[in-house]
Amino acid sequence: MKNEVKLIKGVYRYEDFLDAAKGLEEVSEGGERCFKCYRLRLEKTAALAKDEGFDYFCTTLSISPLKNSQKINEIGFELEKEYGVKWLPSDFKKKEGFKRSIELSAKYELYRQNFCGCVYSRTKENTYEQ
């Protein structure tokens, strides 16, 4: 293998998301509920990065045309200060990144869903074409 990658599977607790989203169930996609979700996901990533002694942490969330990269990066920088691990800012949808991600997913036969995964976002207006 050219570049071996270690897969670290985090524990997903749906209840944590529901707790974070409580009271925000009716908020539009891209609003405060999403920001709470970003923080929840990124905080787990930052904690893992600290525990594992990583130099940086990042996310692929910014590839989505439905995600606010500016807010993701803002939260990442806040967590950088809190956890002492550098945040690698990104907006992977730039320079046709979203389109390229679809091409690579097809090439490598990767599963893709057309919504973020949140039960509240699983509506026609909150999905995207692939």
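Here the structure is shown first, and the text comes after it.
Now for a quick tour of the structure. In this convention, every chain numbers its residues from 1, walking through the sequence in written order. Restriction of local features to residues with pLDDT of at least 70 applies here, the model being predicted, together with a cutoff of 80 or more for giving and counting side-chain atom pairs; totals for whole chains, interfaces and linings are based on all residues. Each side-chain value is worked out from all heavy atoms of the structure, with water and hydrogens disregarded.

### Some thoughts on the overall build of the protein
Then comes step 1: For the protein, the count of helices and strands is four helices and two strands.
Then comes step 2: The linear arrangement of helices and strands in the protein, starting from the amino end, is α-α-β-α-β-α.
Then comes step 3: Along the first, second and third principal axes, the C-alpha atoms of the protein reach 40 × 40 × 25 Å.
Then comes step 4: Remark: exposure states derive from per-residue accessible area (1.4 Å probe, protein chains only) relative to the maximum for the residue type, with buried under 20%, exposed over 50%, and partly exposed in between. When the 130 residues of the protein are sorted by exposure, 30% land in the buried category.
Then comes step 5: When contacts within the protein are restricted to residue pairs at least 6 apart in sequence, those whose partners lie at least 24 apart make up 62%.
Then comes step 6: Accessible surface, the protein as shown: approximately 9400 Å² in total, 52% of it carbon and sulfur.
Then comes step 7: Only four residue types enter the tally: Lys and Arg on the positive side, Asp and Glu on the negative side; His and the chain ends are excluded. Every charge is mapped to an atom, namely NZ of Lys, CZ of Arg, CG of Asp or CD of Glu. Computing the positive centroid from 24 side-chain charges and the negative centroid from 22, the protein places the two 3 Å apart. We count a stretch as a helix when DSSP gives it H or I for four or more residues in a row; a strand needs E for two or more, and each element gets its number in order from the N terminus. The criterion used for residue contact is that any of the two residues' heavy atoms lie within 4.5 Å. Calculation of accessible area relied on Shrake-Rupley with a 1.4 Å probe; when residues are assessed, cover is drawn exclusively from the protein chains displayed.

### Topic: helix α1 (residues 14-21)
Then comes step 1: Within α1, burial applies to Asp16, Phe17 and Ala21. Down the axis of α1, the buried set is contained in an arc of 125°. They therefore lie on one face.
Then comes step 2: In this fold, the buried residues of α1 make contact with α2 (32-52).
Then comes step 3: The positive-phi residue at the C-terminal boundary of α1 is glycine 23, with phi of around 85°. Directions from the helix axis toward the C-beta atoms define the arc.

### Structural notes on the side chain of serine 69
Then comes step 1: Note on placement: serine 69 falls in helix α3 (residues 69-83).
Then comes step 2: With a relative accessible area of 7%, serine 69 lands in the buried category.
Then comes step 3: Any N or O atom pair separated by 3.5 Å or less is treated as a polar contact, with the protein-specific requirement of one donor-capable and one acceptor-capable atom, and with residues adjacent in sequence counted only for side-chain atom pairs. A distance of 2.8 Å separates a polar atom in the side chain of serine 69 from a polar atom in the side chain of lysine 93.
Then comes step 4: Here serine 69 is in contact with Ser62, Ser90, Asp91 and Lys93, once residues within four sequence places are set aside.

### Regarding the pattern of salt bridges
Pairing between side chains of opposite charge can happen when the charged atoms of each approach one another.
Then comes step 1: Salt bridges are defined by distance alone: a side-chain nitrogen of Lys or Arg within 4 Å of a carboxyl oxygen of Asp or Glu. Throughout the structure, instances matching the rule amount to 11 salt bridges.
Then comes step 2: With its nearest N and O atoms 3.4 Å apart, the salt bridge here joins lysine 44 to aspartate 16. With lysine 44 in helix α2 and aspartate 16 in helix α1, this residue pair connects regions lying 28 residues apart in the sequence.
Then comes step 3: Given a relative accessible area of 38%, lysine 44 falls into the partly exposed group.
Then comes step 4: Within the structure, one salt-bridge network assembled from shared partners comprises Arg13, Glu15, Asp16 and Lys44.

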